[in-house]
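# Descriptive analysis of the structure
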Amino acid sequence: MSLETAFDNTDRPSRKIIQDCVHCGFCLSSCPTYLETGNELDSPRGRIHLIKAAEEGRIPMGESLVKHLDLCLGCLACETACPSGVKYGSLIEMSRAQIERRFKRGLGEKILRAFIFKIFPYPQKLRLLLPFVYLIKTLGLKRVFPPWLLNRISPSASSMFHMLPEVSSAFGETLSAFYPAIGERKKKVALLSGCVQRVFFPEINRATVEVLRASGCEVFVPKNQGCCGALSVHSGRLEEGREFARKLVALFATLNVDAIVVNSAGCGSTMKEYAEILRGDPVYSEAAAQLSAKTVDVMEFLSDAEIGESLHPLDIKITYQDACHIVHGQGIRSAPRELLRSIPGLELVEMPRSDHCCGSAGIYNIVQTEMSAKLLSGKISEIGKTGANYLAVGNPGCMIQIRKGLLGSDSKTKVVHPVEILNWSLRGSIN
């Protein structure tokens, strides 16, 4: 193929952002894949070099380019480390959009990706899987079919099987549309119930509602919520992600609320970028900007709420994992820790490299199983060093990934969302 056609003009990576990179190398020590491979092309500045070469027509849309861009987690740790403020996340998303349209993947990978995006962003389809997921848990089939056995058949299938969450019901739960504040009403908020979150982690949404109510919030949970588009956007399926975003913007625009509270890191990060994702859209751009401005992570929101006097003691030892799209995508680091430390009796132990990716990264742990497993192994080791009873992490993908790793270890640490711990303290009892 002609080298001039590596990228087309639809969602083309920004030349300005490419030029912002001065190749200083500050990103290298923050990049999980570079630290594992030692290959410059698996670092942010190396990938930017590849993107620039493809954008200028010096290399084709081929296996080498795709291999190194696919291996990127999209964790955004490089953005936190970058002294020049390079928006690397935009470059990788735009480049992946080019790959999705212009690169011919193998049949097996096409089928796998088609399955993921036909199921995962659709809560009603995910709900159909609940009876099977519950049966697998009840029969203990994860231990019957260890990873090494299923890996011989398909590493991706093995990864999906062993990541299935420990659901408590075969039928799931549904939140009501409205919950009144407890005591004086101070604010009106809407809750994003999520896709994976609402189906496989309803207890997190329940805890979120209860803590918000205790902080004086009326809570609206709009019916017929769809996917926010995060999974699609991060995987280069930009137009699909935009369509999900438009539908969510149209739904939430009808609500007169003070904030839109999100308890999933990837969702919150993407919704805060709706103004950019739908920039120039003649119908939705203004409403998208308004939604972005109102979107707030639940722990960020609660950091301004006065709930300290209502918290009861918890005699537990916890550690905290900085989900990538909370700490790097949204810049939230201190709020969750301060809230957890405000609980009487609770001991918070810092984990080594708590802001280092666990290898979940959307669909990464399904399509890049080898690198994901390496990163997970390191994370499990770091968790073990803390001796914590609980690991708090604000993202369902991280929870699924880390629970999978802990299942294969001797650790007794349990993985929970930090808002669940706050709810325990409000109630005065664990679980």
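A brief structural summary. All figures in this text were calculated on a predicted structure; none of them were measured in a lab.

Time to look at the sheet that holds strand S9 (residues 414-416). The strands making up a sheet associate through backbone hydrogen bonding, with each pair oriented either parallel or antiparallel. With parallel pairing, the four strands of this open sheet are ordered in space as S7-S6-S8-S9. The outermost strands of the open sheet, each flanked by one partner alone, are strand S7 (347-348) and S9. One ladder, built from two bridges, connects strand S6 (residues 317-321) with S7; its direction is parallel. If you follow isoleucine 318 over to S7, its bridge partner there is leucine 348. Along the sheet face, helix H25 (residues 396-407) touches S6, strand S8 (390-393) and S9 and points at about 175° away from the line of S9.

The final tally for this structure, using the stated rule, is 30 salt bridges. For arginine 206, the salt bridge is made with glutamate 173, and the minimal N-O distance between the two is 2.6 Å. Remark: glutamate 173 occurs in the loop between helix H12 (155-163) and strand S1 (178-179) and arginine 206 occurs in helix H14 (residues 202-214); sequence separation between them is 33 residues. According to the relative accessible area criterion, arginine 206 is partly exposed, its value standing at 37%. Here glutamate 382 makes a salt bridge to arginine 353, at a shortest N to O gap of 2.8 Å.

A few words now on the packing of helix H3 (residues 44-55) against helix H6 (residues 88-102). Two numbers describe how H3 lies on H6: the axes approach to 11 Å, and their chain directions differ by 45°. As summarised for this structure, H3 and H6 are arranged oblique, according to the angle between their axes. Crossing angle aside, the handedness with which H3 passes H6 is left-handed. Of the residues in H6, those touching H3 at Pro44, Arg47, Ile48 and Ile51 are Tyr88, Leu91 and Ser95. Across the contact of H3 with H6, the residue classes break down as five nonpolar, one polar and one charged.

So, about the pairing of strand S4 (residues 259-262). Taken residue by residue, a regular strand's side chains alternate between the two faces of the sheet. Alternating residues of S4 divide into Ala259 and Val261 and Ile260 and Val262, and every residue in both groups is buried. Examined bridge by bridge, strand S2 (residues 187-191) and S4 share three bridges and lie parallel to one another. Residue alanine 190 lies in a different strand from S4, and its bridge partner there is isoleucine 260. Where S4 meets strand S5 (residues 295-297), three bridges bridge the pair, whose relative direction is parallel. For valine 261, the partnering residue across the bridge sits in S5 and is valine 296.

Calculation notes
- All residue numbers refer to position in the chain's written sequence, counted from 1.
- Local features in this predicted model are restricted to residues whose pLDDT is 70 or higher, and side-chain atom pairs enter the listing and the counts only when it is 80 or higher, whereas totals over whole chains, interfaces and linings include all residues.
- To obtain the side-chain values, all non-hydrogen atoms of the structure were included, while hydrogens and water were left out.
- A pair of strands is labelled paired if DSSP reports no fewer than 2 bridges between them.
- Numbering of helices and strands runs from the N terminus; a helix is a DSSP stretch of H or I covering at least four residues, while a strand is a stretch of E covering at least two.
- We call two residues in contact whenever any of their non-hydrogen atoms come within 4.5 Å of each other.
- What counts as an axis is a line fitted to C-alpha atoms, over the stretch in contact for a helix, and the angles between N-to-C directions run from 0 to 180 degrees.
- We count a salt bridge whenever a side-chain nitrogen from Lys or Arg sits within 4 Å of a carboxyl oxygen from Asp or Glu.
- Remark: exposure states derive from per-residue accessible area (1.4 Å probe, protein chains only) relative to the maximum for the residue type, with buried under 20%, exposed over 50%, and partly exposed in between.
- Roughly parallel here means an angle under 35 degrees, roughly antiparallel means over 145, roughly perpendicular means 65 to 115, and every remaining angle is called oblique.
- Each crossing is labelled by how the near helix is turned from the far one, with a counterclockwise turn of less than a right angle marking it left-handed and a clockwise turn marking it right-handed.
- Ten residue types, Ala, Val, Leu, Ile, Met, Phe, Trp, Tyr, Cys and Pro, are classed as nonpolar, four, Asp, Glu, Lys and Arg, as charged, and the remainder, Gly among them, as polar.

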